[in-house]
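Letter by letter, the chains look like this.
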Amino acid sequence: EWGDASTDVPLALQKVSLRRRKVDVLPDLPTKRRADFPVELPADAIRACDSVVSALREKGIDLDNLPKDFDLGSLISGPVFHLLSKARAQMATAKIPAALEIVESYEEAEEPLIVVSAHVEPVNVIGSRPGWAAITGETSIEDRGRIQQEFQAGKLKGVALTYKAGG
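Residues numbered from 1 in each chain as written. Predicted model: local features only at pLDDT ≥ 70, side-chain atom pairs only at ≥ 80, totals over all residues. Heavy atoms only, no water.

**So, the side chain of T162**
Link 1 in the chain: Looking at the element boundaries, T162 is found in strand β3 (residues 158-162).
Link 2 in the chain: When its relative accessible area of 7% is taken as the criterion, T162 is described as buried.
Link 3 in the chain: Ignoring any residue separated from it by four or fewer positions in sequence, one finds T162 in contact with V116, S117, H119, V120, V123, I135, T136, G137 and G167. (Helix = DSSP H or I, 4+ residues; strand = E, 2+ residues; numbered from the N terminus. Buried < 20%, exposed > 50% of the residue type's maximum accessible area, 1.4 Å probe, protein only. Contact = heavy atoms within 4.5 Å.)

Put into structure tokens, the structure is as follows:
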């Protein structure tokens, strides 16, 4: 039993926590842009997604009628988790050609770009382009720093990174 936190805790945390807002640190940085780009999934990715749905239905989970507060993560384990991971990776791979089209449009406009993915394969494909770099869990701390400096100095067209490694 941990007990109740003291009312002094929030003030004590403010003294040691650092919160930096983009507007305070880099006010000239353009705002994040998000857009949906529908892509055609190959048959194997569709089959992988169908396998996940079937496995969930076997567990009594109907994805069309889930309550808003339903915690799907608590029910996904073992084989279902493996199927879901495989499907997500296949969908990420299927998006690479569309991502490359977007990357090329930024290169033509000579606008630097940061591409972020939860999956390593798209990051490696995009990051291997001429004038680009990739940051994944395999990238050393020293190389991450070098890549960051090169990008900020305008020496790179872009950086592709995974969420975890690029954090």
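**With respect to the pattern of salt bridges**
Link 1 in the chain: Taken as a whole and judged by the stated rule, the model has five salt bridges.
Link 2 in the chain: Residues R129 and E104 are paired through a salt bridge, measuring 3.8 Å at the closest nitrogen-oxygen approach. Highlighted residues: R129 in the loop between α6 (120-127) and β2 (132-135) and E104 in helix α5 (residues 96-108), separated in sequence by 25 residues.
Link 3 in the chain: Residue classification places R129 among the buried residues on the basis of a relative accessible area of 18%.
Link 4 in the chain: Using a relative accessible area of 34% as the deciding quantity, one classes E104 as partly exposed.
Link 5 in the chain: The partner of E107 in a salt bridge is R129, and the shortest N-O contact between them spans 2.7 Å. Here E107 is found in helix α5, whereas its partner R129 is found in the loop between α6 and β2, with 22 residues between them in sequence. (Salt bridge = Lys/Arg side-chain N within 4 Å of Asp/Glu carboxyl O.)

**Section: helix α3 (residues 43-58)**
Link 1 in the chain: Taking 1.5 Å of rise per residue, the 16 residues of α3 would be expected to cover 22 Å, and the 22 Å separating its terminal C-alpha atoms lies within 8% of that figure.
Link 2 in the chain: Those residues of α3 lying buried are A45, A48, V52, A55 and L56. For α3, the angular spread of the buried residues around the axis is 100 degrees, confining them to a single face. Exposed and facing more than 90 degrees away from the buried side of α3 are R47, R57 and E58.
Link 3 in the chain: On its buried face, α3 sits against α4 (78-94).
Link 4 in the chain: Taken from the residues just after α3, G60 is the one with a positive phi, measuring 85 degrees. (Expected span 1.5 Å × (residues − 1). Arc of directions from axis to C-beta.)

**Structural notes on the pairing of strand β1 (residues 113-117)**
Link 1 in the chain: Burial along β1 is one-sided: the face carrying L113, V115 and S117 is buried and the face carrying I114 and V116 is not.
Link 2 in the chain: Across five bridges, the pairing between β1 and β3 is parallel. Across the sheet, residue L113 finds its bridge partner in β3, namely G158. (Pairing = 2+ DSSP bridges.)

**Quick word on the nonpolar core**
Link 1 in the chain: Among the nonpolar cores identified, the biggest contains ten residues, and these are I96, L100, V103, Y106, L113, V115, V123, I126, W132 and A160.
Link 2 in the chain: Of all elements in the fold, only α5, β1 and α6 reach the threshold of two or more residues within this core.
Link 3 in the chain: The greatest single-element share of this core, amounting to four residues, is contributed by α5.
Link 4 in the chain: Contacts of L113, omitting those with residues within four sequence positions, involve V103, Y106, W132, F151, K157, G158 and V159. (Core = buried A, V, L, I, M, F, W, Y, C linked by side-chain atoms within 4.5 Å.)

**Re the sheet that holds β3**
Link 1 in the chain: Read across the sheet, three strands follow the order β1-β3-β2 without closing on themselves; strand pairing throughout is parallel. Unpaired on one side and paired on the other, β1 and β2 mark the two borders of the sheet. Shown here is a sheet whose adjacent strand axes are inclined to one another by a mean of 15 degrees, direction ignored.
Link 2 in the chain: Where β2 meets β3, four bridges bridge the pair, whose relative direction is parallel. Bridge assignment links A133 to a residue of β3, and that residue is V159.
Link 3 in the chain: Docked against the sheet, α6 engages β1, β2 and β3, running at close to 155 degrees with respect to β2. (Axes fitted to C-alpha atoms, helices over the stretch in contact; angles between N-to-C directions.)

Honestly, that's just the spatial picture; any functional story needs more than this.
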